[in-house]
Amino acid sequence: MKLSVAIADTHALPSAFVVWRGIENSIAKAAEYGYQGIELALKSADEVNAPLLAAWLQKKNMEVSCISTGQVYADLGLYFTHPDAAARETVVTVFEGLIRLAADFGSLINVGRTRGFIAQGQTTAEAEQLFLDTATRVCEMADKRGVTIILEPVNRYEINFINNLDEGARLIQKSGISTMGLMPDVFHMNIEDDKIGESLVRNAQWIRYIHLADSNRQAPGWGHIDFDEVFAALLQTGFNGWASIEILPEPDPDLAASQAARYILPRMADFNKSIEQGY
Ligand code: LER
Ligand code: MN
């Protein structure tokens, strides 16, 4: 398993849920604190100069773990269940650009709030159908470029659709899209899932990536989530992808990022040793 940290460019809205801002300096900071990658929050592929990004990553021996799309929802107001067909067409076009970029950087794109919600006047079945139609189109484009779309269940206070891993896994199965994966975020799981460890194990076959934050969305170790339970469950499933730190930049970004790395990296080293030894 490898560890990354969520970042965005300087112009991203304050609502972009990241630790550091400014891509070049965030890559340097993340490397300095012991992270192996960055998770890049984008609303469109044009925000990134690909050759420059590649050079900044190479200089620090870093990788992009995943491109996250919360800003497609929060800034552009676009999402998969949008009742307006033209808006759904635009979201597919935005994802087309992000998929091209992800093909060279990380090969994973998260769909969190961008999946959309059950709008007033819409039934759950209608929202599900719109989600499945858009997800099918996006995943077909992603498959062609070797990119995986990962669906992130988000808690009920942020969105009214796909709140826990069981719901996400059920929709993935219903979609028949064999390549769509799940991206648990233990902050949301602490609110929505029955037991974090058991839900991770039960839904293991779809899990491709994981967000780590504590119960108060601060750095791991500053709340009450049992990260030993999280790592034990992931070990049981043989998960060996990226974990990414997605936390509030409090009391300031550097302190938050350094606490998260200090708390998680030793657990990850033990985890990786166990995987190597075949446990
Ligand atoms: C996105 O990864 C996420 O966890 C959302 O809660 C952001 O609002
Ligand atoms: Mn998350």
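Now for a description of the structure that goes with this document. It should be emphasised that the depicted structure is a prediction, and the values quoted were computed from it without experimental measurement.

### Remarks on the coordination of the manganese ion (ligand 2)
Part 1 of the reasoning: Protein coordination at the manganese ion (ligand 2): the donors are E152 (OE), D185 (OD), H211 (ND1) and E246 (OE), at 2.0 to 2.2 Å from the metal.
Part 2 of the reasoning: Around the manganese ion (ligand 2), the six donor atoms are arranged such that angles at the metal cover 70 to 176°; this shape is classified as octahedral.
Part 3 of the reasoning: In terms of primary sequence, the donors binding the manganese ion (ligand 2) are separated according to E-x32-D-x25-H-x34-E. One end of the pair, H211, is in strand β8 (residues 209-212); the other, E246, is in the loop between β9 (242-245) and α10 (253-276), and 35 residues separate them in sequence.
Part 4 of the reasoning: According to the relative accessible area criterion, H211 is buried, its value standing at 0%.
Part 5 of the reasoning: We classify E246 as buried; its relative accessible area is 9%.

### Side note on the pairing of strand β4 (residues 63-68)
Part 1 of the reasoning: Most of β4 sits out of view: five of its six residues are buried.
Part 2 of the reasoning: Pairing of strand β3 (residues 37-41) with β4, which is carried by five bridges, proceeds in the parallel orientation. Within the sheet, the bridge partner assigned to E39 lies in β4 and is C66.
Part 3 of the reasoning: Following the backbone out of β3, through helix α2 (residues 50-60) and into the adjacent parallel β4, one traces a crossover that is right-handed.

### What about unusual backbone geometry?
Part 1 of the reasoning: A cis amide bond links E250 to the next residue, P251, at an omega of 0°.
Part 2 of the reasoning: Of note, P251 is situated in the loop between β9 and α10.
Part 3 of the reasoning: One non-glycine residue, N61, lies in the positive phi region at around 55°.
Part 4 of the reasoning: Of note, N61 is situated in the loop between α2 and β4.
Part 5 of the reasoning: Judged by its relative accessible area of 71%, N61 falls in the exposed class.

### Comments concerning the state of the cysteines
Part 1 of the reasoning: For the coordinates displayed, the defined rule picks out zero disulfides.
Part 2 of the reasoning: Cysteine C66 shares no disulfide, and the gap to the nearest cysteine sulfur, in C139, comes to 13 Å.
Part 3 of the reasoning: For C66, a relative accessible area of 0% gives the class buried.
Part 4 of the reasoning: You can call C139 buried: its relative accessible area is 2%.

### Section: the site of ligand 1
Part 1 of the reasoning: For ligand 1, the full set of nearby residues is R113, E152, E158, D185, H188, H211, R217 and E246.
Part 2 of the reasoning: Take E152: an N or O atom from its side chain is 2.7 Å from an oxygen atom of ligand 1.
Part 3 of the reasoning: A distance of 2.6 Å separates an oxygen atom of ligand 1 from a polar atom in the side chain of E246.
Part 4 of the reasoning: Surface burial for ligand 1 is 91%, taken as the share of its 260 Å² of free accessible area covered by protein chains.
Part 5 of the reasoning: According to the grid-proximity analysis, the pocket containing ligand 1 is the largest pocket.

Calculation notes
Residues numbered from 1 in each chain as written. Chains lettered and ligands numbered in written order. Predicted model: local features only at pLDDT ≥ 70, side-chain atom pairs only at ≥ 80, totals over all residues. Heavy atoms only, no water. Donors = N, O, S within 2.8 Å, 3.2 Å for Na, K, Ca; no water. Tetrahedral: all angles 85-135°; square planar, octahedral: opposite > 155°, others 65-115°. Helix = DSSP H or I, 4+ residues; strand = E, 2+ residues; numbered from the N terminus. Buried < 20%, exposed > 50% of the residue type's maximum accessible area, 1.4 Å probe, protein only. Pairing = 2+ DSSP bridges. Right-handed = clockwise from strand over helix to strand, strands pointing away. Disulfide = S-S within 2.5 Å. Near = heavy atom within 4 Å. Polar contact = N/O pair within 3.5 Å; in protein donor to acceptor, adjacent residues only side chain to side chain. Areas by Shrake-Rupley, 256 points an atom, 1.4 Å probe, with all protein chains shown as cover. 1 Å grid on protein atoms, 1.4 Å probe; cavity = no way out; pocket = protein on both sides within 12 Å on 5 of 7 lines; lining within 4 Å. Sits in = over half its atoms within 2 Å of the grid points.

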